[in-house]
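Okay, here's what each chain looks like letter by letter:
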Amino acid sequence: MMPGWEASDHMCGLFGFVKLDNRNTPSVRRLVRLGREMDSRGGHAAGLCIPAAKPCTVDYWRDDMTAGELLPQIARQIADASPSFAVGHTRFATHGDSSNADNLHPHPYSRHDGAGVIAHNGVLWDHETAAAQHGVDLVGECDSELFARLIEADEDDDLLARVRRSIEACGL
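Residues numbered from 1 in each chain as written. Predicted model: local features only at pLDDT ≥ 70, side-chain atom pairs only at ≥ 80, totals over all residues. Heavy atoms only, no water.

Visitor: Can you walk me through the overall build of the chain in this structure?
Guide: Summing up its helical and strand segments, the chain has five helices and six strands in all. Taken from N to C terminus, the helices and strands of the chain fall in the order β-α-β-β-α-β-β-β-α-α-α. Taking 2.2 N^0.38 as the reference for a compact globule, 172 residues should give roughly 16 Å; the C-alpha atoms of the chain span a radius of gyration of 16 Å, in line with that estimate. Counting every position in the chain, which comprises 172 residues, the buried fraction comes to 43%. Long-range contacts, defined as pairs at least 24 residues apart, comprise 63% of the intrachain contacts of the chain with a sequence gap of at least 6. For the chain, the accessible surface area stands at approximately 9300 Å², while carbon and sulfur atoms represent 50% of it. Distance between charge centroids for the chain: 11 Å, based on 16 positive and 26 negative side chains. (Helix = DSSP H or I, 4+ residues; strand = E, 2+ residues; numbered from the N terminus. Rg over C-alpha atoms; globule rule 2.2 N^0.38 Å. Buried < 20%, exposed > 50% of the residue type's maximum accessible area, 1.4 Å probe, protein only. Contact = heavy atoms within 4.5 Å. Areas by Shrake-Rupley, 256 points an atom, 1.4 Å probe, with all protein chains shown as cover. Lys, Arg positive; Asp, Glu negative; His and termini not counted. Charge placed at Lys NZ, Arg CZ, Asp CG, Glu CD.)

Visitor: Before we go on, may I ask you to explain the sheet that holds strand β1 (residues 13–18) in this structure?
Guide: Pairing between the strands of a sheet comes from backbone hydrogen bonds, and it takes one of two forms, parallel or antiparallel. The strand order across the open sheet built from four strands is β1-β4-β2-β3, with neighbouring strands paired in antiparallel fashion. Edge positions in the sheet fall to β1 and β3 (58–63), since each has one partner strand and no second. On average, each strand axis in the sheet is tilted by 10° relative to the strand beside it, whichever way the strands run. Bridge analysis of strand β2 (residues 45–51) against strand β4 (residues 85–91) gives five bridges, and the strand direction is antiparallel. Its bridge partner being in β4, C49 is matched across the sheet by V87. The strands touched by helix α2 (residues 67–81) within the sheet are β1, β2, β3 and β4, with β2 carrying the most contacts at an inclination of about 10°. (Pairing = 2+ DSSP bridges. Axes fitted to C-alpha atoms, helices over the stretch in contact; angles between N-to-C directions.)

Visitor: Please clarify how the pattern of salt bridges should be interpreted in this entry.
Guide: Any two side chains of opposite charge can pair, on the condition that their charged atoms come close. By the definition in use, this model includes nine salt bridges. When the shortest N-O distance is used, the salt bridge between R111 and D113 registers 2.9 Å. Here R111 falls in the buried class, since its relative accessible area comes to 11%. Overall, D113 belongs to the partly exposed group, its relative accessible area being 32%. It is possible to trace a salt-bridge network through shared partners that takes in R111, D113, D157 and R162. (Salt bridge = Lys/Arg side-chain N within 4 Å of Asp/Glu carboxyl O.)

Visitor: Can you walk me through the side chain of S144 in this structure?
Guide: Here S144 lies in the loop between α3 (127–133) and α4 (145–153). Once residues lying within four places of it in the same chain are set aside, the contact partners of S144 are H105, H107, I118, H120 and L124.

Visitor: Is there a simple way to think about the confidence of the model for the chain in this case?
Guide: Atom-level detail of predicted coordinates should not be read off regions where pLDDT is low. Summary statistics for the chain give a mean pLDDT of 87 and a share of 93% for residues scoring 70 or more. The weakest mean pLDDT in the chain belongs to strand β6 (residues 114–118) at 88; the strongest belongs to α4 at 95. (pLDDT = per-residue confidence, 0-100.)

Next comes the structure, spelled out in structure tokens:
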């Protein structure tokens with residue numbers, strides 16, 4: 001935790017966009033501004049995910065810097081991709097070192113039927129016990145990674161059902 005900050009006073013920040021049609025293309029400049037505004041909600045690290053060129057895959061960037069620092073560095077890649085959506089996260093670290101990318105959001109998951117990411121704002125208490133109970137291995141130390149590993153391990157082809165079960169398994 002950052003010196004002088006209390007966990008009850010600060011939370012992670014979530015930001016992004018969904019492109020509803022071809023006429024409304026969100027600008028990278030607007031995305032960078034949203035990220036900078038979220039920096040006050042978690043200055044330990046930032047990440048962003050967009051759809052990749054290959055179907056059913058995602059591109060993501062995560063680093064232990066603020067969104068205001070990360071997003072300008074990847075702005076050209078985002079603009080060139082002209083993504084249909086973006087999911088961003090600014091991290092207020094409660095579990096795991098922010099210098100380890102495995103502890104940063106968005107947390108990717110991959111299955112035979114596609115890939116995705118999760119970004120979460122909150123704390124999952126006792127996430128290591130829940131992971132063991134459900135037979136999933138966590139790569140990093142971040143509590144929110146549990147969602148991604150549960151979605152990944154679930155054999156149901158219905159994504160919404162997998163997400164619901166991961167939420168329930170996390171005690172939420």
